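In case you want the letters, here they are:
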Amino acid sequence: NAGVTQTPKFQVLKTGQSMTLQCAQDMNHEYMSWYRQDPGMGLRLIHYSVGAGITDQGEVPNGYNVSRSTTEDFPLRLLSAAPSQTSVYFCASRNHRGGTADTIYFGEGSWLTVV
Amino acid sequence: AQSVTQLGSHVSVSEGALVLLRCNYSSSVPPYLFWYVQYPNQGLQLLLKYTTGATLVKGINGFEAEFKKSETSFHLTKPSAHMSDAAEYFCAVSEGEDTDKLIFGTGTRLQVFP
């Protein structure tokens, strides 16, 4: 059981470049989300989705796009990378029916550096 | 809006000593409260959670936390620290099951000395 899989694990981008962080889960979870983790700031929610075709903004959505065409995948797109987007990104998923009472499962993270 | 405050970004204890990591929250409705642990270069793993019912919650690896509504606190404790407990710990809150948003604290790094 792979759980939540993120790729790539490490990436260096130049300012202005675009890229997509991939996230896939094999647990048939309706809810998926992306967080960024920065020193001294904990995890902040970027975008989330409660099912295929449904996405919504979190706390820090600017500069990021998401889509949810399938239950399994939830890619995060950086349209024009900026140094402020240097961070560790975590994808997470859980069942939607129980809301936040259901356990959320995290991927192992993607380290992104924008130079 | 809900928020979480973790007092102390770093906590150091000796092996065998009591571990106490502090978490205070604010919420306009009865909250759901969580503690997560993050080992180096890994994702977060759920330690324990409080949703409803008994206010003393037991989790994995010998950790427990008590929900105290009057103090708006959810402190994490472990009677005897082990070297393997060294990690970063995050407290999180949500406003019940009708929300999909989980708000995290800034984390507390626990060091355990032999």
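In every chain, residue numbers begin from 1 and rise along the written sequence. Here chains are named by letter from A upward and ligands by number from 1 upward, in the order in which they appear as written. Reporting in this predicted model follows two pLDDT cut-offs: at least 70 for local features of residues, and 80 or more for side-chain atom pairs to be given and counted; totals over whole chains, interfaces and linings ignore these cut-offs and use all residues. No hydrogens and no water enter the side-chain calculation; it runs on all heavy atoms of the structure.

Visitor: Before we go on, may I ask you to explain the sheet that holds strand E3 (residues 19-26) of chain B in this structure?
Guide: The strands making up a sheet are joined through hydrogen bonds of the backbone, oriented either antiparallel or parallel. All names here are of chain B. Read across the open sheet, the five strands follow the order E1-E3-E8-E7-E6; overall the sheet is antiparallel. With partners counted over all chains shown, the strands left at the sheet margins are strand E1 (3-7) and strand E6 (56-58), one partner each. Across the sheet, the axes of successive neighbouring strands diverge by a mean angle of 20°, strand direction being ignored. In this description, strands pair whenever DSSP reports at least two bridges between them. By definition, any uninterrupted DSSP run of H or I lasting at least four residues is a helix, any uninterrupted run of E lasting at least two residues is a strand, and each is numbered from the N terminus. Relative to strand E8 (residues 73-78), E3 runs antiparallel, the two sharing four bridges. Looking across to E8, one finds that Asn24 is bridged to Ser73. Axes here refer to lines fitted to C-alpha atoms; in helices the fit is confined to the stretch in contact. Angles between the N-to-C directions go from 0 to 180 degrees.

Visitor: How should I be thinking about the pattern of salt bridges in this particular structure?
Guide: Pairing between side chains becomes possible if they bear opposite charge and their charged atoms approach one another. All names here are of chain A. Should a side-chain nitrogen of Lys or Arg be within 4 Å of a carboxyl oxygen of Asp or Glu, the pair is scored as a salt bridge. Counted by the stated rule, this structure contains six salt bridges over all chains. A salt bridge links Lys9 to Glu108, with the nearest nitrogen and oxygen atoms 3.8 Å apart. One end of the pair, Lys9, is in the loop between strand E1 (4-7) and strand E2 (10-13); the other, Glu108, is in the loop between strand E10 (105-106) and strand E11 (110-114), with 99 residues separating them in the sequence. Residue Lys9 is classed as partly exposed on the basis of its relative accessible area of 32%. Put simply, Asp38 and Arg36 hold a salt bridge, and the shortest N to O gap is 2.9 Å. In this scheme, a residue with accessible area under 20% of its type's maximum is buried, one over 50% is exposed, and one in between is partly exposed, where area comes from a 1.4 Å probe on protein chains only. On the accessibility criterion, Asp38 (10% relative accessible area) is buried. Salt bridges here are not isolated pairs; linked through shared partners, they connect Arg36, Asp38 and Arg44.

Visitor: I would appreciate a short explanation of the pairing of E1(A) in the present structure.
Guide: When a strand is regular, its side chains alternate between the sheet's two faces. Residues and elements named next belong to chain A. Residues Val4 and Gln6 line the buried face of E1, whereas the alternating positions Thr5 and Thr7 sit on a face that is not buried. Direction of pairing for E1 relative to strand E3 (residues 19-25): antiparallel, over a ladder of four bridges. Within E3, the residue paired with Val4 across the bridge is Gln25.

Visitor: Could you clarify how one ought to interpret the state of the cysteines in this entry?
Guide: Counting rule for disulfides: a pair of cysteine sulfur atoms within 2.5 Å. Applying the stated criterion across every chain yields a total of two disulfides over all chains. One disulfide bridge connects Cys23(A) with Cys91(A), the sulfur atoms lying 1.9 Å from each other. Negative torsions about the S-S bond denote left-handed disulfides, and the value of about -75° found for Cys23(A) with Cys91(A) makes this one left-handed. Of this pair, Cys23(A) sits in strand E3 while Cys91(A) sits in strand E9 (residues 87-94), and the two are 68 residues apart along the sequence. Exposure class is identical for Cys23(A) and Cys91(A). Each is buried. At a sulfur-sulfur separation of 1.9 Å, the disulfide partner of Cys23(B) is Cys91(B).

Visitor: Would you mind showing me how to read the environment of Ser70(B) here?
Guide: All names here are of chain B. In this fold, Ser70 is placed in the loop between strand E7 (64-68) and E8. Ser70 sits in the exposed class, given a relative accessible area of 74%. A sequence separation of ten residues divides Ser70 from Ser80, and the C-alpha atoms of the two residues are 27 Å apart.

Visitor: I keep staring at the interface of chain B and chain A and nothing clicks. Help me out?
Guide: A common way to state how big an interface is: give the accessible area lost once the parts meet. We call two residues in contact when some of their heavy atoms are within 4.5 Å. Counting from both sides, the interface comprises 22 residues of chain B and, opposite them, 26 residues of chain A. Using a 1.4 Å probe, buried area is obtained as the accessible area two parts lose upon being combined, added over both of them. Of the roughly 1,800 Å² buried between chain B and chain A, counting both surfaces, carbon and sulfur atoms make up 56%. Put simply, chain B and chain A have zero salt bridges between them. Side-chain atoms alone can form a polar contact between residues adjacent in sequence; in general such a contact is a pair of N or O atoms within 3.5 Å, and within protein one must be able to donate a hydrogen while the other accepts it. The interface formed by chain B and chain A holds two residue pairs in polar contact (both at pLDDT 80 or more) in total. Contributing elements (two or more residues each) for the side of chain B that touches chain A: strand E4 (32-38), strand E5 (44-50) and strand E9 (87-94) of chain B. When grouped by side-chain class, the residues that make up the side of chain B that touches chain A number eight nonpolar, ten polar and four charged. Each residue gets one label: Ala, Val, Leu, Ile, Met, Phe, Trp, Tyr, Cys and Pro are nonpolar, Asp, Glu, Lys and Arg are charged, and the others, such as Gly, are polar.

Visitor: Hey, could you run me through the sheet that holds E3(A) in this one?
Guide: All names here are of chain A. Sheet architecture is open: four strands sit in the order E1-E3-E8-E7, paired in antiparallel fashion. The strands lining the two open edges of the sheet, one partner per strand, are E1 and strand E7 (64-66). The mean angle between the axes of side-by-side strands here comes to 20°, regardless of whether they run parallel or antiparallel.

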